[in-house]
Amino acid sequence: MERSFVGRVSFRLDDPSPTSDHALEAEILRRFQRYGIPLTVAVVPFGKPEPVRTLVLDDVRHIIEARQSGDIEIALHGYRHLQRTRIGGSPSEFSGVPLAEQTDMLRRGRDVLQRIFGEGVTGFVPPWNTFDGNTLKAVAAAGMEYLGAGFGAAPSLRQPAAPRIVPKTCTLNQREYERACNEARRFAHGQPWIVFVFHPDNFVEYRDPSAEGEPAPWLTLSLLETMLEQLRAEPDIVATTLQAAVHADGVHGRLWNPAELLWVGRLVPRAGWRIPTRIVFRRSRLHGLRCLAYRVPGNRD
Ligand SMILES: [Zn+2]
């Protein structure tokens, strides 16, 4: 008998790179291993400082070790995580960059990750979740399966042959975590899929104090542990990597597709994201949506 569940939850940890806080990342990975919760790790393949340094095995030994006993997907997170342009007030490494160059950056970045982690890097997460139509084409041209961004993706970006769009729907913090799980239970008919995104510098244990102008860190390792422990105790919520969820489409037939994304995106206005999520869920039942977005105010990409 098919297992009944109220929804899917995915966790996406962004930013491991040649120069990131590897000790803290190892601690984060240990928590996911301890509770058997899958995790998608979006890794930056080249360093930010000049001269450019390519990611090497020693930079990610902790991730490789964690993968030996944990369900960890590796996704590609940008190229050097450099701000090259701005789009809609947000920094971007890809938006506005010519298609050929974007495709080249994706292929080279993915090749670096696959040399270290092995085949199967199929997701691309653009830094700051910013991209343009050429990024979607580049993802497809590089033979990758999904773009990990794009909650408010414009209709013009969605082509029939475009890769799947798997946006961040929620920043990981205690309040939103509880709200998201409560809403998931409450609107179980929609079988929502919640994608939590977090970064090492969201933790108070991060090696560098937060830069001026940046929000103070709000996560701790013990808070993360509490959240994962709670999730483990939820029999009706399935935790999955982004890649596994994309592959599961057709099995449950309830995953996000661009048309549904468009619909939800239109319902929630860009300015402020103030419409209560429950309206999205209620309306979605009327329209028979099968997979739903969950987005809360105050997200930081
Ligand atoms: Zn990032």
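Relevant structure appears above.
This one's a predicted model, so the numbers in the text were calculated from it and none came from an experiment.

Cut-offs used in this document
- Residues numbered from 1 in each chain as written.
- Predicted model: local features only at pLDDT ≥ 70, side-chain atom pairs only at ≥ 80, totals over all residues.
- Heavy atoms only, no water.
- Helix = DSSP H or I, 4+ residues; strand = E, 2+ residues; numbered from the N terminus.
- Expected span 1.5 Å × (residues − 1).
- Buried < 20%, exposed > 50% of the residue type's maximum accessible area, 1.4 Å probe, protein only.
- Contact = heavy atoms within 4.5 Å.
- Core = buried A, V, L, I, M, F, W, Y, C linked by side-chain atoms within 4.5 Å.
- Salt bridge = Lys/Arg side-chain N within 4 Å of Asp/Glu carboxyl O.

A look at helix α3 (residues 99-117)
Its 19 residues place the ends of α3 26 Å apart at the C-alpha level, agreeing with the 27 Å of an ideal helix rising 1.5 Å per residue. Residues of α3 that are buried: Gln102, Thr103, Met105, Leu106, Gly109, Arg110, Val112, Leu113, Gln114, Ile116 and Phe117. The inward-facing, buried residues of α3 abut β2 (39-43), α2 (61-69), β3 (72-77), β6 (123-125) and α4 (133-141). Positive backbone phi, at 95 degrees, marks Gly118, one or two positions downstream of α3.

Things to note about the nonpolar core
Grouped together as the largest cluster of nonpolar side chains are 57 residues, with contacts concentrated most on Phe11 and Phe198. No other element matches the six residues that α3 contributes to this core. In this structure, Phe198 is in contact with Phe11, Arg12, Leu13, Asp14, Ile28, Phe32, Leu39, Leu172, Phe203 and Leu219, ignoring residues within four places of it in sequence. Counting eleven residues, the second largest nonpolar core, distinct from the first, contains Tyr146, Trp193, Val195 and Val197.

Topic: the pattern of salt bridges
Inspection of every chain in the model, using the stated rule, returns twelve salt bridges. Residue Arg31 is joined to Glu27 by a salt bridge in which the shortest nitrogen-to-oxygen separation is 2.6 Å. On the criterion of helical spacing, the pair formed by Arg31 and Glu27 is a turn pair, its members being four residues apart in helix α1 (residues 22-35). The class of Arg31 is buried, set by a relative accessible area of 12%. Its salt-bridge partner being Asp59, residue Arg53 comes within 3.1 Å of it at the nearest N-O pair. Arg53 gets classed as partly exposed once you look at its relative accessible area, which sits at 36%. Its relative accessible area of 7% is what places Asp59 among the buried residues.

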